[in-house]
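Single-letter residue listing:
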Amino acid sequence: DSAGRQADEALALLAKLLENIAEHPAEPKYKRLKPDNPKLKEGLLRFAGAADFLRLAGFVAAQDGSLEFGGAAGADALRGACALIQQRRKGLREDPIASAYRTIVQSGAHSAGLAEVEALAGSPAGQEALRTLEKVLENVRRYPDSERYRCVSLAKAATQKLLAAAPLMKIIGFVEDTLPTGEAAMKLGRLDLDVLHRYWAMVMWAVHPPQP
């Protein structure tokens, strides 16, 4: 989509800026960025977090408003940062289900909650719970700022299927709660999207196993 393409282009520009410094460490022109440059402003700096990333990479603000690279990072460190950026670009272009499978493969058996997911997948009731939980986690991923999707009433027939997955939900970060109506509920407290994505990937792995 358009947002995905824009993010990919911004990451490509960011990687190029760092690569230029790594490949030409003695060239001052690559170490000085002008924030009012249209390409830099529209292609990178308008995105939240871009300026912070540049500062972490070693850029500092000069008196004239430009950004100057004054970091101690060597060429290898800069190339390593570029490699991480390229991995992120690959993730943007990757199919969501394929990305979920890759997350699980890389996390392996060290992931907390994996045993609970496998146990649920072994029974019909557990499979129903996983399918319902997948929808809950997907809604939170899509609307992370909405309290509506972070609190799930257990009074409805559809969401009562989640009772079998309650231990797993607690690992994810849900806690038992009571709604003003008196209904029992599970509410996600502190939201960490990286952690949420990992557990969403686990559940997707179980609900949509990859084809051999």
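Residues numbered from 1 in each chain as written. Predicted model: local features only at pLDDT ≥ 70, side-chain atom pairs only at ≥ 80, totals over all residues. Heavy atoms only, no water.

K.L.:
It is not clear to me how the overall build of the protein chain should be interpreted in this structure. Could you clarify?
P.N.:
What the protein chain contains, in helices and strands, is ten helices and six strands. Counting across all 212 residues of the protein chain, residues that qualify as buried make up 33%. When contacts within the protein chain are restricted to residue pairs at least 6 apart in sequence, long-range pairs at least 24 apart make up 69% of them. Of the roughly 12700 Å² of accessible surface on the protein chain, a fraction of 54% belongs to carbon and sulfur atoms. (Helix = DSSP H or I, 4+ residues; strand = E, 2+ residues; numbered from the N terminus. Buried < 20%, exposed > 50% of the residue type's maximum accessible area, 1.4 Å probe, protein only. Contact = heavy atoms within 4.5 Å. Areas by Shrake-Rupley, 256 points an atom, 1.4 Å probe, with all protein chains shown as cover.)

K.L.:
What should I look at first to understand the pattern of salt bridges in this one?
P.N.:
Pairing between side chains of opposite charge can happen when the charged atoms of each approach one another. Inspection of every chain in the model, using the stated rule, returns ten salt bridges. In this structure, Glu-128 and Lys-161 form a salt bridge, with 3.3 Å as the shortest nitrogen-oxygen distance. Of the two residues, Glu-128 is situated in helix H7 (residues 124-142) and Lys-161 in the loop between strand E4 (151-153) and helix H9 (166-172); the sequence distance between them amounts to 33 residues. Residue class for Glu-128 comes out partly exposed when judged on its relative accessible area of 30%. (Salt bridge = Lys/Arg side-chain N within 4 Å of Asp/Glu carboxyl O.)

K.L.:
When you look at the side chain of Thr-159 in this model, what are you seeing that I'm missing?
P.N.:
Summarising the element assignment, Thr-159 is placed in the loop between E4 and H9. For Thr-159, the side chain forms a polar contact with the main-chain oxygen of Ser-153, separated by 2.5 Å. Leaving out residues up to four positions away in the same chain, Thr-159 has contacts with Val-152, Ser-153 and Leu-154. (Polar contact = N/O pair within 3.5 Å; in protein donor to acceptor, adjacent residues only side chain to side chain.)

K.L.:
Where do I start with the nonpolar core in this structure?
P.N.:
As a rule of thumb, soluble globular proteins bury nonpolar side chains together. Ranked by internal contacts, the top residues of the largest apolar core, which has 26 residues, are Leu-130, Leu-133, Leu-137, Leu-162, Leu-168, Ile-172 and Phe-174. Those elements that provide at least two residues to this core are helix H6 (114-121), H7, H9, strand E6 (184-188) and helix H10 (193-207). Counting residues per element, this core draws most heavily on H10, which supplies seven residues. Those residues in contact with Leu-133, other than ones at most four positions away along the chain, are Leu-162, Ala-165, Leu-168, Met-169, Ile-172 and Val-203. Within the second largest apolar cluster, 22 residues are counted, among which are Leu-17, Leu-40, Ala-50 and Phe-59. (Core = buried A, V, L, I, M, F, W, Y, C linked by side-chain atoms within 4.5 Å.)

K.L.:
Got a minute to help me understand the confidence of the model for the protein chain in this structure?
P.N.:
As a general rule, the predicted coordinates of low-pLDDT regions are not to be interpreted in detail. For the protein chain, per-residue confidence averages 82 on the pLDDT scale, and 83% of positions sit at 70 or higher. Of all secondary-structure elements in the protein chain, the lowest mean pLDDT belongs to helix H5 (residues 96-107), at 56, while E6 reaches the highest, 94. (pLDDT = per-residue confidence, 0-100.)

K.L.:
Explain the packing of aromatic side chains here, please?
P.N.:
Remark: the centre distance and the inter-plane angle together describe each pair of aromatic rings, the angle taken between the planes. Counted by the stated rule, this structure contains two aromatic pairs. A centroid spacing of 5.4 Å and a plane angle of 70° characterise the contact between Phe-59 and Phe-69, whose relative ring orientation is edge-to-face. Of this pair, Phe-59 sits in strand E2 (residues 59-61) while Phe-69 sits in strand E3 (residues 67-69), and the two are ten residues apart along the sequence. The class of Phe-59 is buried, set by a relative accessible area of 1%. Geometry around Trp-200 places Arg-141 over its ring, the cationic atom sitting 3.8 Å from the centre. (Phe/Tyr/Trp six-rings, centres within 6.5 Å; stacked < 30°, edge-to-face > 60°. Lys NZ or Arg CZ within 6 Å of the ring centre and 35° of its normal.)

K.L.:
In this structure, what is going on with the sheet that holds E2? I would like to understand it.
P.N.:
Think of a sheet as strands paired side by side through backbone hydrogen bonds, with each pair either parallel or antiparallel. In spatial order, the strands read E1-E3-E2; together these three strands make up an open sheet with antiparallel pairing. With one partner strand each, in any of the chains shown, strand E1 (32-33) and E2 form the two edges of the open sheet. Pairing of E2 with E3 involves three bridges; the strand directions are antiparallel. Bridging from a neighbouring strand, Phe-59 pairs with Phe-69 of E3. On top of the sheet, helix H3 (residues 50-57) reaches E1, E2 and E3; it is set at about 110° to E2, its chief contact. (Pairing = 2+ DSSP bridges. Axes fitted to C-alpha atoms, helices over the stretch in contact; angles between N-to-C directions.)

K.L.:
Would you mind showing me how to read the packing of H6 against H7 here?
P.N.:
The relative placement of two packed helices is expressed as an angle between their axes plus a distance between the axes. Contact pair H6 / H7: the axes reach a minimum separation of 6 Å and the direction vectors enclose 120°. Here H6 lies oblique to H7, going by the angle between them. Contact with H6, carried on its side by Val-117, Leu-120 and Ala-121, involves Gly-126, Gln-127 and Leu-130 of H7 and no other residues of that element. For the contact of H6 with H7, the class distribution of residues is four nonpolar, two polar and no charged. (Parallel < 35°, antiparallel > 145°, perpendicular 65-115°, else oblique. Nonpolar A, V, L, I, M, F, W, Y, C, P; charged D, E, K, R; others polar.)

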